[in-house]
Amino acid sequence: MRIGIDVGGTNTDAVLMDGQSVLAAVKTATTRDVTSGINTALAELKRQRAFDPLAVNAVMIGTTHFINALVEADRLAPTAAVRLGLPATASLPPMVDWPDRLVNAIAGRAYLCHGGHEFDGRHIAELREDEILRVAEELHRHEIRSVAISSVFSPVNAEFEQRAADILTGQLPAIAVSLSSEIGRMGLLERENATIINASLRELATQIVDGLSQSLEGAGISAPLYLSQNDGTLMDVDFARRYPVATFASGPTNSMRGAAFLSGVESCAVVDVGGTTSDIGVLQHGFPREATTEVSVAGIRTNFRMPDVLSLGIGGGSRIRGDGGVTVGPDSVGYRLADEALVFGGATLTATDVAVAAGRAVIGDPGLVKELDRSLVQAALLRIGRDIGDAIERIRTSPEPLPVVAVGGGSILLPDEIGDSGPVHRPEHFAVANAIGAAIAQIGGEVDRIFPVEPGQRQAVLDDAKQEAVDKAIASGAKPGSVRVVEVDEVPLAYLPGNATRIRVKAVGDLQLEAGRG
Amino acid sequence: MAERLITGPDLDDIAVGAAILGTGGGGDPHIGRLLAHAAVRADGPARLIPLEDVPDDAVAVVVAMMGAPTVMLEKVPSTEQAKLAVQALASYLGESPTHLVCAEAGGVNALVPVVAAAQLGLPLIDADGMGRAFPELQMVMPTLYGLGATPMSIADEKGNRGIFDTVDNHWAERLARSATIDMGCSAMISLFPMTGAQAREALVPGTLSLCGELGRLVREARAAHQDPVAAVVDRLDGAELFSGKIVDVSRRTEGGFARGEATLEGLDGGSGERFLLRFQNEHLVAVRDGVVVATVPDLICVLDAEVGTAVTTETLRYGQRVRVIAAPCDPRWHTPEGLELVGPRYFGYDHDTVRVGSGALT
């Protein structure tokens, strides 16, 4: 048995699964501390279907907590960026293209030091220990607890980043260090951005991960805990503590993969209506279509590979305002829905109240919204249907109608038909698709190193690297036959002997079912 | 048209348009945009003046970045370098330039002169030497008019500066390329000193404005939920060659250039059509099912299938959905002298040029 948990901005959902079947599914409110919401979800799960905590083989958690912290500029640690590259790169210092709001939120400080490599491995300049020691003093003086280190061409040679990290931790043993060579690929500014974001989330990651582990212990579950990553694969808790940024796109990935699993529709538009936003993405043959342009997160350019998702400020907690034309959102009561919505006896008119008033769902006390103005209810629902329809229209690539699968707790807001897409699919357990996506998350295998590529041997070398990644995935617990290569990246390192090329291959497959894993 | 100022918001449109005219090369215009923003923030807007308004006795010099686009993504150039290069050339010439010129309207080099113009307070001429992007420095219209690339200067971020005075423009390319590689593949150069009269004859007019216009068309088409690719094709009087997904990219770095091929498949894979792009910094040859359908010197541009922005050769990757368009170049490139300088055979492809609208596209 596995437990999948999704911690969203509004709801914490949990499912208990045995192989392909969903044994229990619950939806509870997210709490500010995250863990008490998880405790409630686990208790509810047990109430719905009694299970032996020791029979749980794995717990998978998907969370948008970290990306939300960035978007809301909330609970970010004071962070410094140290770039090794002088005398190059000085015109565009770290965070040059960041919104001021976020630079302020992380109290961002940027330091440029000598170092970095040329494209052919020569040093741009030698690393200067005295400069790094001075940075250490500054970090100490400004009480900075997390630092991002980037160096020019560090994906090819990370020696300077590592040396700078050693010097800094020698002076400041408690400081959290994030290295760009471990986080991103070629492209200094984008890689550095991702590294700074990661650094700003390290303290929050430790709090959250510790809290999650305690919740499971409290529930008597001793199975390993995993967090889902951007690409739909799992990472263990130690990795999650160090690389919280790797969870950023796990929300949409989980919801889309959960939708595919539940509906059996492999190519479709997935509309995931949460409490605050609706995320609309496209599934092609069961996998999320990836964004092809650079991905901006909260206005910061990164080079993550993320699912192509369009977000609208429409969710179950969206405030509805009726004067002079109806508006829906973009502000939401979020996790306070259970206190503030009319159907729960609150005083705020939300999208959920409107859906209940129209008879689309029974939530809270429908009697409390009986007196709502009919025309306001109709106008609000029409508006929601039209906005979502427009977004689907925008995200599809051809004029061909694309089936629509609706998931997420807020999908009761959607009409039964949208545009020319035909009836909206609402699979069973639609409200917990995210948690199911987490529970069916995959196991990855990655190869990332420098290969000599002799003339005429490129294909053979690539094939070897791909096979190695597939073998690693299987060794980590992926089901043979389900593993496929999802990412191939080649960086030729000119002028190094033997036509050296950095090759990065990632393969993923389904977690071997419990029966096969004992 | 009169003189106008290039301010912050213009830079975003110019960058989008320059990426399209960059035909896959010329470097990431995002970096150029950031550099230009930094320069305009520090020194104020750059002045852009129409080519026909340049006086006969003007002293115009080209300023550009030379190097490998993949390197520039890592070792981002510094704005100081552009200024240093112009100053080094001025001191060798013994006279101060009065105007700055773009070597190429494509990629980062559409924006590097904006950086220098803002820093030095010199007007920038609304024109360029190519009407697109090409990988070598002698591949500019002024070479066809017998103008010398040298004296030229080169500057790196470490403060090294050099001057070349060469017997012809191919030698200038060769020597500057070696120096560029030694300097770490991202150098700033200033070259092709020319009079205003020569500039008016030998440059491709209006191309910086064209960059801005293309960027605006893409932005507006997206806002109006219209097809940005169609808007670009229409403005450039070009044709769409292929729409599909990248299924393989191979690249290698040779002599400081990124060379390679990208293979595309039609969407849904049903048609079985295969499309091949060959590039050397820029997209040079397009092949559909074994038939060459477009070649350099016409423009072959790869655009993101939906948002219409250009995909550079260094960011081509597996799974991207793109549309390939071709557009006619300045007709002077199709003369025998022009083709000798920038035709497919110069780049090592054993076939004649295929022009947009020559029938092969239909």
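These numbers come from a predicted model, not from an experiment. (Residues numbered from 1 in each chain as written. Chains lettered and ligands numbered in written order. Predicted model: local features only at pLDDT ≥ 70, side-chain atom pairs only at ≥ 80, totals over all residues.)

**Here we look at the overall build of chain B**
Looking only at helices and strands, one finds 11 helices and 16 strands in chain B. Against the globule reference of 21 Å for 362 residues, chain B gives a C-alpha radius of gyration of 19 Å, in line with a compact fold. Summarising its shape, the C-alpha atoms of chain B cover approximately 65 × 45 × 35 Å along the three principal directions. Counting all 362 residues of chain B, 59% fall into the buried class. (Helix = DSSP H or I, 4+ residues; strand = E, 2+ residues; numbered from the N terminus. Rg over C-alpha atoms; globule rule 2.2 N^0.38 Å. Buried ≥ 20, exposed ≤ 12 C-beta atoms within 10 Å, placed from the backbone.)

**Digging into the overall build of chain A**
On a plain count of helices and strands, chain A comes out with 14 helices and 22 strands. The C-alpha atoms of chain A give 24 Å as radius of gyration, which agrees with the globular expectation for 518 residues (24 Å, within 12%). Each of the three principal axes of chain A carries a C-alpha extent, and together these read 75 × 50 × 50 Å. Evaluated residue by residue, chain A yields a buried proportion of 51% over its 518 residues. Taking the contacts inside chain A whose residues are at least 6 apart along the sequence as the reference set, 67% of them involve residues at least 24 apart. (Contact = placed C-beta atoms within 7 Å.)

**Side note on the sheet that holds strand β10 (residues 234-236) of chain A**
Residues and elements named next belong to chain A. Taken together, six strands build an open sheet; the order of strands is β3-β2-β1-β4-β9-β10 and the sheet is mixed. Edge positions in the sheet fall to β3 (21-29) and β10, since each of these pairs with one other strand and no more. Ignoring strand direction, the axes of neighbouring strands in this sheet form an average angle of 25°. The pairing of strand β1 (residues 2-7) with strand β4 (residues 58-63) spans six bridges and is classified as parallel. Residue pairing across strands places R2 opposite A58, the latter belonging to β4. Strands in contact with helix α1 (residues 35-48) are β1, β2 (11-18) and β3; relative to β3, the strand with the most contacts, it is inclined by about 140°. Packed on one face of the sheet, helix α8 (residues 250-263) meets β1, β4 and β9 (225-228) and runs near 120° to β4. (Pairing = 2+ DSSP bridges. Axes fitted to C-alpha atoms, helices over the stretch in contact; angles between N-to-C directions.)

**Section: the UniProt feature "domain: Hydantoinase/oxoprolinase N-terminal" (unreviewed entry) in chain A**
Residues annotated in UniProt with the feature "domain: Hydantoinase/oxoprolinase N-terminal" (unreviewed entry) correspond here to residues 2-169 of chain A. The straight-line gap between the two end C-alpha atoms of residues 2-169 of chain A is 39 Å; of that span, 30% is helix and 29% is strand. (UniProt positions renumbered as here; feature names shortened; annotations may be inferred.)

**Considerations on the pairing of strand β19 (residues 404-407) of chain A**
Residues and elements named next belong to chain A. Residues of β19 alternate between two faces, with V404 and A406 on one and V405 and V407 on the opposite face, all of them buried. Where strand β11 (residues 268-273) lies against β19, four bridges are found, and the strand directions are parallel. The residue of β19 that forms the bridge with D272 is V407.

**Description of the domain arrangement of chain B**
All names here are of chain B. Domain annotation for chain B reports domain 1 (4-207) and domain 2 (228-342). When each unit is reduced to the centre of its C-alpha atoms, the spacing between domain 1 and domain 2 is 25 Å. The interface of domain 1 with domain 2 comprises 27 residues on the first partner and 26 residues on the second. No other element matches helix α1 (residues 8-21), which puts four residues into the side of domain 1 that touches domain 2. (Domains from an automatic or database assignment.)

**A look at the confidence of the model for chain B**
Across chain B, the average pLDDT comes to 90, with 95% of residues at or above 70. In the predicted assembly, ipTM is 0.83 and pTM is 0.82. (pLDDT = per-residue confidence, 0-100.)

**Focus: the interface of chain A and chain B**
Opposite the 26 residues of chain A that make contact, chain B presents 29 residues. Going through the elements one at a time, α6 (188-218) and β21 (484-492) of chain A are the ones with two or more residues in the side of chain A that touches chain B. Taken together, the residues of the side of chain A that touches chain B break down into 15 nonpolar, six polar and five charged. (Nonpolar A, V, L, I, M, F, W, Y, C, P; charged D, E, K, R; others polar.)

**Some details on unusual backbone geometry**
In the segment running from A:L86 into A:P87, the intervening peptide bond is cis, with an omega of 10°. Structurally, the position occupied by A:P87 is in the loop between β5 (79-86) and α3 (100-105). The residue after B:T150, namely B:P151, is reached through a cis peptide bond having omega 5°. Considering the arrangement of structural elements, one finds B:P151 in the loop between α6 (141-144) and β6 (152-155). One non-glycine residue, A:E143, lies in positive phi territory at about 55°.

**Quick word on helix α10 (residues 228-236) of chain B**
Inspection of α10(B) places B:P228, B:V229, B:A231, B:V232, B:V233 and B:L236 among the buried residues, and these make up the whole buried set. Just downstream of α10(B) lies B:D237, where phi reads positive at about 60°.

**As for the packing of α1(B) against helix α9 (residues 207-223) of chain B**
The angle between the axes and the distance between the axes are what describe a pair of packed helices. Residue and element names in this part refer to chain B. At a minimum axis distance of 6 Å, the contact between α1 and α9 shows a crossing angle of 100°. Classified by the angle between their axes, α1 and α9 sit roughly perpendicular to one another. Of α9, the residues touching α1 (which contributes D10, D12, D13, I14, A15, V16, G17, A18, I20 and L21) are L208, L210, C211, G212, E213, L214, G215, R216, V218 and R219. (Parallel < 35°, antiparallel > 145°, perpendicular 65-115°, else oblique.)

**Topic: the pairing of strand β5 (residues 124-128) of chain B**
Residue and element names in this part refer to chain B. By the criterion of burial, β5 is predominantly enclosed, with five of the five residues buried. Sheet topology note: the strand β2 (residues 46-50)/β5 ladder contains three bridges and is parallel. Residue pairing across strands places L48 opposite L124, the latter belonging to β5. The pairing of strand β4 (residues 99-102) with β5 spans two bridges and is parallel. Looking across to β5, one finds that L100 is bridged to L124.

**Some details on the environment of A:T350**
All names here are of chain A. Mapped onto the fold, T350 is located in the loop between α9 (337-340) and α10 (351-357). Judged by the 28 C-beta atoms lying within 10 Å of it, T350 falls in the buried class. In the structure, T350 is positioned 208 residues away from H142 in sequence and 44 Å away in space, judged by C-alpha atoms. In contact with T350, not counting residues within four places along its chain, are G316, G317, S318, R319, I320, V333, L337 and A341.

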